[in-house]
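# Coordinates in review
Below, each chain spelled out in residue letters.
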Amino acid sequence: MIISKDLFLLGDQDYLRLPKDEKRAMVRPAANNPRLESAPSAAIQLPGAEAPPRPLELVFCGLSVCVARRPVLRDVSGVVRPGELLAVMGPSGCGKTTLLNCLSGRTKLDAGWVRLNRERLSKRWKRRICYVLQQDIFFPDLTLRQTLEYAARLRLPDTLSHAQKMQCVDHIIDVLDLTACQDTIIGDYMKRGLSGGEKKRANIACELLTNPSLMLLDEPTSGLDSHSAYSLMRCLKRYAEKEGKTVVVTVHQPSSQIFHMFNKLLLLCNGQTAYFGEVSKVVDFFNNIGLTVIPQYNPADFILEQVKGSEEMKEKIIAASKDARRLPDYPQELLPEYYSNSVNVCDKYTMPKYDDSHLPANGNVGTSGCHCQGGSWTEARNGHSPHSSPSKTVKMCAVMETGAQNSVYSTIVTVGNDEGKLCLDNQSYASSSVSSSDDDMSWHWPTSFWTQFKVLSQRNFQEARPRMLSKLNWVQTVALGVMAGLLWFQLERKEEALHDIQGWMFFSTTYWMLFAHFGALSSFPPEREVINKERLSGAYRLSAYYLAKMVGELPLTITLPAVYHLISYPMLGFHSAAVFLTLLGFLLLNTVVAQSVGFFIGASCMDMQVSITISALYTLATQLFGGYLATNISPWLRWMQYLSMVHYAYQNMQIVEFSDGAPIECAVQTKFDACTNGTKHIPVQAILDAQGASLPLWANTLVLLLFLFLFRVLGYVVLRYFRRPK
Ligand SMILES: Nc1ncnc2c1ncn2[C@@H]1O[C@H](COP(=O)(O)OP(=O)(O)OP(=O)(O)O)[C@@H](O)[C@H]1O
């Protein structure tokens, strides 16, 4: 792994995810790698970081997308090579974001295809693409530095030490000029934090940490002043050029300076291509159709004005762009025959000056303007044993299409009698695999499950603490604890006070149920955005996040109910430490169950209004059937009590309080039959039976635990299978 002094060169993201043994096998001589040879002298070699980044060529052809039966993109094509910056421009609503969504694999195509280094876009690739969204999605309470540190700990491989990861964070902060605001919280519309431009750079910084080979940036300069926009684009330009990165940027109205930084331009108009080609040729293109750019005028402004013009003008430009596809300089990769199943290598790579000195005598791979180095060996393919499958002669060549910095690394395989055919081009000079059929199987997470769990637990705790233990929540808890204590102060153990003792128990369970349930419900939708973004970039496993969420938030979930109990219960009447602790246990269990239900509903419903309605219905029904508010429930409705989680916690609290605490004296005019036959104290079972269905303590506890387990599992299943990020 290299970190250059000018730019941020961490190891190849692809490399980071390879298994250790494959990494060791990947020692390539520098002579075979012109990029390494030309690496800036300022580059610093970090331990544990052997692999350089891998260039990616992006080709998309004939992309068409319909949304709600309306065509949003129609037959859009383009090529971006490593080291190039492609600008996607066009009026608002012309389909720029939709195009980036297609390129990142987030939007389903109705027609067309996207290839990275000749391979179709697969799940494996999708996770390797860096997509900087238009919206800045972060946890608002974390500082910029914390955000980057967690990103580094999650997305940089375990082979790097903590210190090395932090060194990368320092470097990124320095490069993107974020030092002054590194300890500022990200903030949101409620809390002031980073400025819009700083958030934009923070967004890019998070993605750059992994040193991706392909970057898609949706309006990275929007909201920035002209100087900041220029420095950001200059940074990206240098990044692309020096590191052979492939960068696609959507921009609205770039300044002339920024416009000329781009190598290529894809101009969209009504979802169709109005121009695709070199930026330097766009003025000629418009001149040729009779639209002459006024001298001293920003060409970006000029061409945008044209595609915002009359329908007739738009049609004219789109037609000219279609005609341009027949010109000889139109990229070959976009021609329909280019990617036919079998391409004759000699046709594609016929090279008068081809130097085949590295090839074996029978080498027949030539490249126009290419260098080819290769070898030939005998290999049993696809893991078949040489005994079970006849071995074949395989020849592999690394072909580098030259052209300034634009080197594309191809692996060409010729097999047996098919010599001269391009059978496979996995473009991976790092990969030792001949076959790419196991694309998705070769995916490896950057960090182990344990690292993900540990880091996510810490992040969850840190992120949720200000929210869950806010000053307002503390004030509310202490105030309620004191109020409940005063209201039910030192109640006598008599039948007359029974209803009040039960009132404290019922109030406590329902209050903390509502608190935890709605807390989980309201906090999840914004969190889901961050999680989806991170899941899409392949940062961690959902299971690690889910487990970490439960563990990380647990101390916070139970703190406030415990404080409330500590204040109010002794005021009610303290019997013994055992009763105090057992009651606390059931109060906390009930709170955690309620949180699970809230999380499940929050994860299932995309619409906040729907989730609030469902939650209100459920929590109110739970209270009504809890056993305190309604005691004469009709037999045909009594089964509803078994669905009320409060009912179980409330019942258990009564069992503990009335069995282990001092017994309740019968009143003179008692309503309990058990008291009429001379008994002085009301039996616990009689108290419970008066409230409808009752189960023993262990059964109530078991049901609560089942509730907990069931809703936690359901929440996971929903996120895993029904609410997957797209
Ligand atoms: N999910 C959707 N449902 C309905 N219409 C959609 C959806 N997504 C995109 N569109 C429509 O598709 C068109 C292209 O949208 P897109 O966001 O790609 O445009 P854009 O060029 O990025 O716009 P802007 O520059 O304003 O961000 C718009 O007319 C938009 O209304």
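Residues numbered from 1 in each chain as written. Predicted model: local features only at pLDDT ≥ 70, side-chain atom pairs only at ≥ 80, totals over all residues. Heavy atoms only, no water.

The next point concerns the site of the ligand. Around the ligand, a shell composed of 14 residues is seen, among which Arg70, Ser92, Lys96, Thr97 and Thr98 lie nearest. In this structure, an oxygen atom belonging to the ligand sits 3.2 Å away from a main-chain N or O atom of cysteine 94. Protein chains shield 60% of the accessible area of the ligand, which is 630 Å² for the free molecule. Mapped by element, the contributors of at least two residues to the shell around the ligand are β4 (70–80) and α4 (96–103). Here the element with the most residues in the shell around the ligand is α4; it accounts for 3 residues. Class assignment of the residues belonging to the shell around the ligand gives a composition of 4 nonpolar, 7 polar and 3 charged. (Near = heavy atom within 4 Å. Polar contact = N/O pair within 3.5 Å; in protein donor to acceptor, adjacent residues only side chain to side chain. Areas by Shrake-Rupley, 256 points an atom, 1.4 Å probe, with all protein chains shown as cover. Helix = DSSP H or I, 4+ residues; strand = E, 2+ residues; numbered from the N terminus. Nonpolar A, V, L, I, M, F, W, Y, C, P; charged D, E, K, R; others polar.)

Turning next to the environment of phenylalanine 262. The residue phenylalanine 262 is located in the loop between α10 (256–259) and β11 (264–269) in this model. A sequence separation of 16 residues divides phenylalanine 262 from glutamate 278, and the C-alpha atoms of the two residues are 8.5 Å apart. Beyond its immediate sequence surroundings of up to four residues, phenylalanine 262 is in contact with Leu85, Ala87, Met233, Val249, Val251, Pro254 and Val279. (Contact = heavy atoms within 4.5 Å.)

Attention now moves to the pairing of β4. One ladder, built from 7 bridges, connects strand β3 (residues 58–67) with β4; its direction is antiparallel. Bridge pairing links leucine 63 to valine 76 in β4. The antiparallel pairing of β3 with β4 creates a hairpin that spans 2 residues between the two strands, and alanine 68 there sits at a positive phi of about 50 degrees. (Pairing = 2+ DSSP bridges.)

Applying the stated criterion across every chain yields a total of 7 cavities of 30 Å³ or more. Taken as a whole, the largest cavity spans an internal volume of roughly 190 Å³. Residue lining of the largest cavity: 17 residues in total, with Thr147, Ala151, Cys206, Arg459 and Glu534 positioned closest to the centre. When grouped by side-chain class, the residues that make up the lining of the largest cavity number 10 nonpolar, 2 polar and 5 charged. Among the domains, domain 1 (1–52 + 135–211) and domain 4 (449–656 + 693–722) are the pair contributing at least three residues each to the lining of the largest cavity. (1 Å grid on protein atoms, 1.4 Å probe; cavity = no way out; pocket = protein on both sides within 12 Å on 5 of 7 lines; lining within 4 Å. Points joined across faces, edges and corners; volume = space filled by probe spheres on them. Domains from an automatic or database assignment.)

Another aspect to go through is the nonpolar core. One recurring pattern in soluble globular proteins is that nonpolar side chains are buried together. Counting 118 residues, the largest nonpolar core has Phe60, Leu99, Leu103 and Trp504 as its most contacted members. Broken down by element, the residue count for this core peaks at 15 residues, all from helix α17 (residues 495–536). Residues in contact with phenylalanine 60, not counting those within four places in the same chain, are Val76, Ser77, Gly78, Val79, Leu86, Leu99, Leu103, Trp113, Val114, Leu266 and Leu334. Grouped together as the second largest cluster of nonpolar side chains are 65 residues, Ile186, Leu209, Met233 and Val251 included. (Core = buried A, V, L, I, M, F, W, Y, C linked by side-chain atoms within 4.5 Å. Buried < 20%, exposed > 50% of the residue type's maximum accessible area, 1.4 Å probe, protein only.)

Our focus in this paragraph is the pattern of salt bridges. By the definition in use, this model includes 19 salt bridges. Among the salt bridges present, the one from glutamate 553 reaches arginine 467, with a minimum N-O distance of 3.9 Å. Placement of the pair is glutamate 553 in helix α18 (residues 542–573) and arginine 467 in helix α15 (residues 449–468), with a sequence separation of 86 residues. Taking relative accessible area as the criterion, arginine 467 reaches 26% and is therefore assigned partly exposed. Where glutamate 553 meets lysine 549, a salt bridge forms, and the shortest distance between an N and an O atom there is 2.6 Å. Of this pair, glutamate 553 and lysine 549 both sit in helix α18, separated by 4 residues, roughly a single helical turn. The exposure classification of glutamate 553 matches that of lysine 549, with both residues buried. (Salt bridge = Lys/Arg side-chain N within 4 Å of Asp/Glu carboxyl O.)

Here we take up a nonpolar patch on the surface. A contiguous nonpolar patch, built from Trp474, Val478, Val482, Leu486 and Phe489 and spanning about 440 Å² of accessible area, is present on the exposed surface. The class of valine 482 is partly exposed, set by a relative accessible area of 34%. (Patch = residues over 30% accessible without salt bridge, like charges linked within 9 Å, V, L, I, M, F, W, Y side chains within 5 Å.)

Our next topic: the UniProt feature "transmembrane region" (unreviewed entry) in the protein chain. UniProt records the feature "transmembrane region" (unreviewed entry) at residues 472–491, 545–567, 579–603, 610–630 and 697–719, using the numbering of this structure. Summarising residues 579–603: 100% helix, 0% strand, and an end-to-end C-alpha distance of 36 Å. Across residues 610–630 one finds 71% helix and 0% strand; the C-alpha atoms that close the span lie 27 Å apart. (UniProt positions renumbered as here; feature names shortened; annotations may be inferred.)

With that settled, consider the layout of surface pockets. Approximately 1,100 Å³ is the volume attributed to the largest pocket. For the largest pocket, the lining is made up of 40 residues, of which Pro140, Arg467, Ser522, Ser523 and Pro526 are closest to its centre. Class assignment of the residues belonging to the lining of the largest pocket gives a composition of 20 nonpolar, 9 polar and 11 charged. For the lining of the largest pocket, the two domains that each supply at least three residues are domain 1 (1–52 + 135–211) and domain 4 (449–656 + 693–722).

What follows is about the packing of helix α6 (residues 144–155) against helix α8 (residues 196–208). Two elements in contact, α6 and α8, have axes whose closest approach is 9 Å; the angle formed by their N-to-C orientations is 20 degrees. Here α6 is positioned roughly parallel relative to α8, judged by the angle of their axes. Judged by the sense of rotation from one axis to the other, the crossing of α6 with α8 is right-handed. Counted together, Leu144, Thr147, Leu148, Ala151 and Arg155 of α6 and Ala202, Ala205, Cys206 and Glu207 of α8 form the full contact between these two elements. By residue class, the composition of the contact of α6 with α8 is 6 nonpolar, 1 polar and 2 charged. (Axes fitted to C-alpha atoms, helices over the stretch in contact; angles between N-to-C directions. Parallel < 35°, antiparallel > 145°, perpendicular 65-115°, else oblique. Left-handed = near helix turned anticlockwise from the far one by under 90°.)

Moving on, we get to the state of the cysteines. Here the structure, examined in full by the defined rule, presents 1 disulfide. Across the disulfide, cysteine 666 is cross-linked to cysteine 675 (sulfur-sulfur distance 2.0 Å). Of note, the bridge from cysteine 666 to cysteine 675 carries an S-S torsion of about -65 degrees and is left-handed in sense. Accessibility assignment for this pair places cysteine 666 and cysteine 675 in one class, buried. Cysteine 269 takes part in no disulfide bond, and the closest cysteine sulfur, belonging to cysteine 94, lies 7.8 Å away. (Disulfide = S-S within 2.5 Å.)

Its place among the elements puts lysine 199 in helix α8. Among buried Asp, Glu, Lys and Arg side chains, lysine 199 stands out as unpaired, with aspartate 136 the closest opposite charge at 5.9 Å. When sequence neighbours within four positions are dropped, the list of residues in contact with lysine 199 reads Asp136, Phe138, Ile186, Gly187, Asp188 and Leu194. (Lys, Arg positive; Asp, Glu negative; His and termini not counted.)

Each aromatic ring pair is specified by the distance between its two centres and by the angle formed by the two planes. Under the criterion given, the structure shown has 24 aromatic pairs. Taking the centre distance of 5.4 Å and the plane angle of 75 degrees together, the rings of phenylalanine 506 and tyrosine 650 count as edge-to-face. Here phenylalanine 506, found in helix α17, pairs with tyrosine 650, found in helix α21 (residues 645–660); they are 144 residues apart in sequence, far enough to count as distant. On the basis of relative accessibility, which here comes to 5%, the residue phenylalanine 506 falls in the buried class. Above the face of the tryptophan 113 ring, arginine 115 is positioned so that its terminal group lies 4.8 Å from the ring centre. (Phe/Tyr/Trp six-rings, centres within 6.5 Å; stacked < 30°, edge-to-face > 60°. Lys NZ or Arg CZ within 6 Å of the ring centre and 35° of its normal.)

Let's shift gears to the pairing of strand β9 (residues 214–218). With respect to burial, β9 is a largely interior element, 5 of its 5 residues being buried. The side-chain alternation of β9 yields two buried faces, one formed by Leu214, Leu216 and Asp218 and the other by Met215 and Leu217. The sheet contact formed by strand β8 (residues 130–132) and β9 spans 3 bridges and is parallel. Paired with tyrosine 131 across the two strands is leucine 216, which belongs to β9. Where β9 meets strand β10 (residues 246–250), 5 bridges bridge the pair, whose relative direction is parallel. What sits directly across from leucine 216, in β10, is valine 248. Of the crossover connections in this fold, the one passing from β9 over helix α9 (residues 226–243) to the parallel β10 is right-handed. (Right-handed = clockwise from strand over helix to strand, strands pointing away.)

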